[in-house]
Amino acid sequence: MSKEKEYAVGIDIGGTTCKFGVVSRDGVIITQDRIPSNAHEVVEDFVDDLYEKLMPMIEKVGGIKNFVGIGMGAPNGNFYSGTIEYAPNLKWKGIIPIADIISKKFGLATKLTNDANAAAMGEMIYGCTKTIKHFITITLGTGVGSGIVIDGKIVLGHDGFAGELGHTIIRPGGRLHKSTHMRGSLEAYASATGVRETAIELLTEHPEEESLLRNYSINELTSETVYECAMQGDNIANRIFEFTGQLLGESLANFIMFSSPEAIVLFGGLTKAGDLLMKPTRRHMEANLLPIFQNKVKLIFSELKEADAAILGASALVWDIPPVIR
């Protein structure tokens, strides 16, 4: 890698929006933009629109000769093959060779992984785990994503899809996950969507109990409204976070006993609840650990700015070929 190549492109493909930007070697986003990711029936049309917006940004800092490559994070992104495979929330069905298409279009080496592994790479290159070789990132957003790092290497498994901790079953036969149709997964409870489902359940199960949450219609109930009510001392809202923290903490205990990380980094919109979520999570995590694991693992919030993290994480893929455990 020649020294003059001081920039990388980071692309994050979400279910509705694709964010992208030019990132410097020290983790500064020089410029960024976004386009819809659900407006194109075929992926080639999406890439054409991306090229139209992104190429002028590349040219503005001297063109592709100054770039080491393009890193991408996407749901069901496979690092080994560069393909998006059967992503349920994208319009492009089946197996999409997105890295190859992007690479040929831009003339830059392109690497792909799933969005949660990209977040772990971002923490390792730019964030709070620069000096940590064993950690797990957990993204608590609409879903629950995860990236596992052991000895400084991302764990991808034999096929590129290891580390789906959000889909581990924590309550067999429990709540239905509407996308996967599985029951009792961590994502069904500890995501922003899960918090909303818990709110609906508790309000329905306890019709006699007063709650500020009853001032909202079902469509208005969100993890944010639950947080706002909890901060005003609402009993049901506080029980929702206690329950969410319990299930998350129990799950983190299992993950710790699997890989013995030095830290677990929590990231995503749900972390804005702060101690309302962190305190019960830590308590139940420690209570479900064997003594040899207790009080050893740091439970911390990501220091990456949420608005920038997806682009930074994707760009982190290409500064060097990221080490992986296969």
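What this report covers is the structure whose coordinates are included nearby.

Section: the packing of helix α3 (residues 115-126) against helix α9 (residues 306-315)
At step 1: Where α3 contacts α9, the axes come no closer than 7 Å and their chain directions differ by 80 degrees. The orientation of α3 relative to α9 falls into the category roughly perpendicular. Within the contact between the two elements, α3 uses Ala-118, Met-121, Gly-122 and Tyr-126 and α9 uses Leu-312, Gly-313, Ala-314 and Ser-315.

Considerations on helix α5 (residues 192-205)
At step 1: Look at α5: 20 Å from first C-alpha to last across 14 residues, which is about the 20 Å you get at 1.5 Å a residue.
At step 2: When we look at burial in α5, the residues that qualify are Gly-194, Val-195, Glu-197, Thr-198, Ala-199, Ile-200, Leu-202 and Leu-203.

As for helix α2 (residues 98-106)
At step 1: Inspection of α2 places Ile-98, Ala-99, Ile-101, Ile-102 and Phe-106 among the buried residues, and these make up the whole buried set. Summarising the axial view, the buried residues of α2 lie within an arc of 165 degrees, below the 170-degree limit, and thus occupy one face.
At step 2: Against α1 (43-60), β4 (67-73), β6 (83-85), β7 (95-96) and β8 (110-113) lie the buried residues of α2.
At step 3: Phi for Gly-107, located one or two positions after α2, is positive at around 70 degrees.

Digging into the sheet that holds β7
At step 1: Spatially, the three strands line up as an open sheet ordered β5-β6-β7, and their pairing is antiparallel. Looking at which strands have only one partner, the edges of the open sheet turn out to be β5 (77-78) and β7.
At step 2: Where β6 and β7 come together, two bridges link them in antiparallel fashion. Each bridged residue has a counterpart across the sheet, and for Ile-84 the counterpart in β7 is Ile-96.

So, the packing of aromatic side chains
At step 1: Under the counting rule described, the total for this entry stands at five aromatic pairs.
At step 2: Ring geometry for Phe-46 versus Trp-92: centroids 4.9 Å apart, planes at 45 degrees, classification tilted. Taken together, the residues span a long stretch of sequence, with Phe-46 in helix α1 and Trp-92 in the loop between β6 and β7 at a distance of 46 residues. Of the two residues, Phe-46 and Trp-92, both sit in the buried class.
At step 3: Note on Tyr-189 and Phe-243: the rings are 6.0 Å apart at their centroids and 75 degrees apart in plane angle, and the pair reads as edge-to-face. Of the two residues, Tyr-189 is situated in helix α4 (residues 187-190) and Phe-243 in helix α7 (residues 235-259); the sequence distance between them amounts to 54 residues.
At step 4: By relative accessible area, which is 7% here, Tyr-189 ends up buried.
At step 5: One Lys or Arg, Lys-105, reaches over the ring of Tyr-51 and ends 5.1 Å from the middle of that ring.

Some words on the pairing of strand β9 (residues 135-140)
For a regular strand, the rule is simple: side chains alternate between the two faces of the sheet.
At step 1: For β9, the buried fraction is high: six of the six residues fall into the buried class.
At step 2: Side chains Phe-135, Thr-137 and Thr-139 project from β9 onto one buried face, and the interleaved Ile-136, Ile-138 and Leu-140 project onto a second face that is buried too.
At step 3: Looking at chain direction, β9 and strand β10 (residues 144-150) are connected through six bridges and run antiparallel. The residue of β10 that forms the bridge with Thr-137 is Gly-147.

Considering unusual backbone geometry
At step 1: In this model, Asn-76 sits at a positive phi of 60 degrees, which is unusual for a non-glycine residue.
At step 2: Mapped onto the elements of the fold, Asn-76 is located in the loop between β4 and β5.
At step 3: Judged by relative accessible area, which is 25%, Asn-76 ranks as partly exposed.
At step 4: Here the phi dihedral of His-181 falls at roughly 65 degrees; this positive angle occurs in a residue that is not glycine.
At step 5: As for its position among the elements, His-181 is in the loop between β11 (153-155) and α4.
At step 6: Residue classification places His-181 among the exposed residues on the basis of a relative accessible area of 60%.

Quick word on the side chain of Ser-259
At step 1: As for its position among the elements, Ser-259 is in helix α7.
At step 2: Sequence-distant contacts of Ser-259, defined by excluding residues within four places in its chain, comprise Ile-136 and Ile-150.

A few points about the pattern of salt bridges
At step 1: Taken as a whole, this structure holds 14 salt bridges when the rule is applied.
At step 2: Here Arg-25 and Glu-6 are joined by a salt bridge, their closest N and O atoms 3.3 Å apart. In this pair, Arg-25 is assigned in the loop between β2 (17-24) and β3 (29-36) and Glu-6 in the segment before β1 (7-13), connecting sequence segments 19 residues apart.
At step 3: Taking relative accessible area as the criterion, Glu-6 reaches 32% and is therefore assigned partly exposed.
At step 4: Between Lys-53 and Asp-33 there is a salt bridge whose closest N-O contact spans 3.9 Å. Highlighted residues: Lys-53 in helix α1 and Asp-33 in strand β3, separated in sequence by 20 residues.
At step 5: Of the residues examined, Lys-53 reaches a relative accessible area of 37% and is grouped as partly exposed.
At step 6: Through salt bridges that share partners, Lys-178, Arg-196 and Glu-197 make up one connected network.

What counts, and where the lines are drawn
- Residues numbered from 1 in each chain as written.
- Predicted model: local features only at pLDDT ≥ 70, side-chain atom pairs only at ≥ 80, totals over all residues.
- Heavy atoms only, no water.
- Axes fitted to C-alpha atoms, helices over the stretch in contact; angles between N-to-C directions.
- Helix = DSSP H or I, 4+ residues; strand = E, 2+ residues; numbered from the N terminus.
- Parallel < 35°, antiparallel > 145°, perpendicular 65-115°, else oblique.
- Contact = heavy atoms within 4.5 Å.
- Expected span 1.5 Å × (residues − 1).
- Buried < 20%, exposed > 50% of the residue type's maximum accessible area, 1.4 Å probe, protein only.
- Arc of directions from axis to C-beta.
- Pairing = 2+ DSSP bridges.
- Phe/Tyr/Trp six-rings, centres within 6.5 Å; stacked < 30°, edge-to-face > 60°.
- Lys NZ or Arg CZ within 6 Å of the ring centre and 35° of its normal.
- Salt bridge = Lys/Arg side-chain N within 4 Å of Asp/Glu carboxyl O.

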